[in-house]
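Here's the letter readout for the chains.
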Amino acid sequence: MKVFIISDIEGCAGVVKGAQTGPPPHGDATLYQEGRKLYTEEINAAVRGAKAAGGTEIVVMDCHGAGDGYTFNSLIAEDLDPDCEFVVQDEWTEYTEFLENGVDAALFVGMHARAGTADGVMNHTVSGPNFQNLWFNGTLVGETAINAALCGTWGCPVLMVTGDAAACREGKALLGDGLTTVAVKEGIFILSARMLQPRRARELVEAGAKQALSNLQAVQPYDPGKPCEVKVEYKHTTAARQMRFQHGVEFLDDRTIVSRADDWWTAWKQFFFVDR
């Protein structure tokens, strides 16, 4: 069984402050190293669960944009479970080879809620400074939907989402009641939460991964629909204006663009990989 583990740091137990999610100047060197350790061990818990469920090829993809050389490279390679391989990418959603070759299931670890979710710890969508809202065919979505749509493009279902309670709720609303969720904390406000002790959280993530992979048909691969319209409302005007001459992209107003295509992957590529 081939398993893809897609991860983000904000939804891990013990991580609640921005300083834990990146290096200076935006983060703190000591706190970030703590965050990286918590992050890596929670990923390892999912790897152990996947192995217990019969996973024979397990690939981890870090999707946390920490900044500098740590972007999509926050996990601690030396501490990763040796029974997995891992990907370091340069642009989020650029790595598709594993999916193209056929993957049985995906597990999402450490997810956070979309921007504007009141009880979502460190809630944001894609880029905190730039993105305000994102829609797929009129449905307001966050990063869980982006990763799920990437997997779904090649027929891979997402069977588990872990993170704070808000991220788990968002995952269920998107993917259905068959989704296994593991809430490792409950947001109080954007930078505060009531959390499980990390070792306990890892136990639950491991058990959740094993349970989720026991039924590969519990969740259907996610497809936002065909044709597909990806709409982005930015916080400022510059990012939207950079898209105004892109093929397939309509400049709706000073802060909003829409990309239309026959399918989600084409619509996404039309605007996301433009130099920003």
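That block above? That's the structure.
Procedures and definitions
Counting from 1, residues in each chain are numbered in the order their sequence is written. Only residues with pLDDT of 70 or above have their local features reported here, since the model is predicted, and side-chain atom pairs are shown and tallied only from 80 upward, although totals for entire chains, interfaces and linings are computed over all residues. To get the side-chain values, all heavy atoms of the structure are used, and hydrogens and water are removed first. Here the axes come from fitting lines to C-alpha atoms, over the contacting stretch only for helices, and the angles between their N-to-C directions go from 0 to 180 degrees. Strands here mean DSSP runs of E at least two residues long; helices mean DSSP runs of H or I at least four residues long; both are numbered from the N terminus. If an angle is under 35 degrees, it is roughly parallel; if it is over 145, roughly antiparallel; if it lies from 65 to 115, roughly perpendicular; otherwise it is oblique. With the far helix as reference, a near helix turned anticlockwise by less than a right angle produces a left-handed crossing, and one turned clockwise produces a right-handed crossing. In this analysis, two residues are considered to be in contact whenever any of their non-hydrogen atoms come within 4.5 Å of each other. In this classification, the charged set is Asp, Glu, Lys and Arg, the nonpolar set is Ala, Val, Leu, Ile, Met, Phe, Trp, Tyr, Cys and Pro, and all remaining amino acids, among them Gly, are polar. Salt bridge, as used here, is a side-chain nitrogen of Lys or Arg placed within 4 Å of a carboxyl oxygen of Asp or Glu. Throughout this description, buried means an accessible area under 20% of the type-specific maximum (1.4 Å probe, protein chains only), exposed means over 50%, and partly exposed covers the range between. Pairing between strands is defined by DSSP: at least two bridges between them are needed. Neither His nor the chain ends contribute to the count of charged residues, in which Lys and Arg are positive and Asp and Glu negative.

Before going further, it helps to spend a moment on the packing of helix α1 (residues 29–52) against helix α5 (residues 198–212). Helix-helix packing is characterised by the crossing angle of the two axes and by the distance between the axes. Relative orientation of the contacting elements α1 and α5 amounts to 30°, with a least axis distance of 7 Å. Judged on the interaxial angle alone, α5 and α1 are roughly parallel. By crossing handedness, the relation of α1 to α5 is classed as right-handed. In contact with Leu-38, Glu-41, Glu-42, Ala-45, Ala-46, Arg-48, Gly-49, Ala-50 and Ala-52 of α1, α5 contributes Pro-198, Ala-201, Arg-202, Val-205, Glu-206, Ala-209 and Lys-210. For the contact of α1 with α5, the class distribution of residues is nine nonpolar, one polar and six charged.

A separate point is the pattern of salt bridges. Charged atoms that come close allow side chains of opposite charge to pair. Evaluation of the coordinates by the stated rule reveals eleven salt bridges. A salt bridge links Glu-41 to Lys-37; the nearest nitrogen and oxygen atoms lie 3.5 Å apart. Here Glu-41 and its partner Lys-37 are both found in helix α1, four residues apart, which amounts to about one turn of the helix. Here Lys-37 makes a salt bridge to Asp-79, at a shortest N to O gap of 3.4 Å. Of this pair, Lys-37 sits in helix α1 while Asp-79 sits in the loop between β2 (57–62) and β3 (85–87), and the two are 42 residues apart along the sequence. According to the relative accessible area criterion, Asp-79 is partly exposed, its value standing at 30%. The structure contains a network of salt bridges with shared partners spanning Lys-37, Glu-41 and Asp-79.

Next up on the list: the sheet that holds strand β5 (residues 131–136). Backbone hydrogen bonds hold the strands of a sheet together, and the pairing may be parallel or antiparallel. With respect to topology, five strands assemble into an open sheet ordered β6-β5-β10-β12-β11, the strand pairing being antiparallel. Every other strand in the sheet has two partners, leaving β6 (139–140) and β11 (249–253) as the edge strands with one partner each. Relative to strand β12 (residues 256–261), strand β10 (residues 228–234) runs antiparallel, the two sharing six bridges. Within β12, the position partnered with Glu-233 by the bridge is Thr-256. Strands in contact with helix α7 (residues 264–272) are β5, β10, β11 and β12; relative to β12, the strand with the most contacts, it is inclined by about 140°.

Residue position: Lys-2 is located in strand β1 (residues 2–7). Lacking a salt bridge, the buried Lys-2 has Glu-57 as its closest oppositely charged neighbour, with an N-O distance of 4.3 Å. When residues no more than four places from it in sequence are discounted, the contact partners of Lys-2 are Glu-57, Phe-98, Asn-101, Gly-102, Val-103, Asp-104 and Ala-105.

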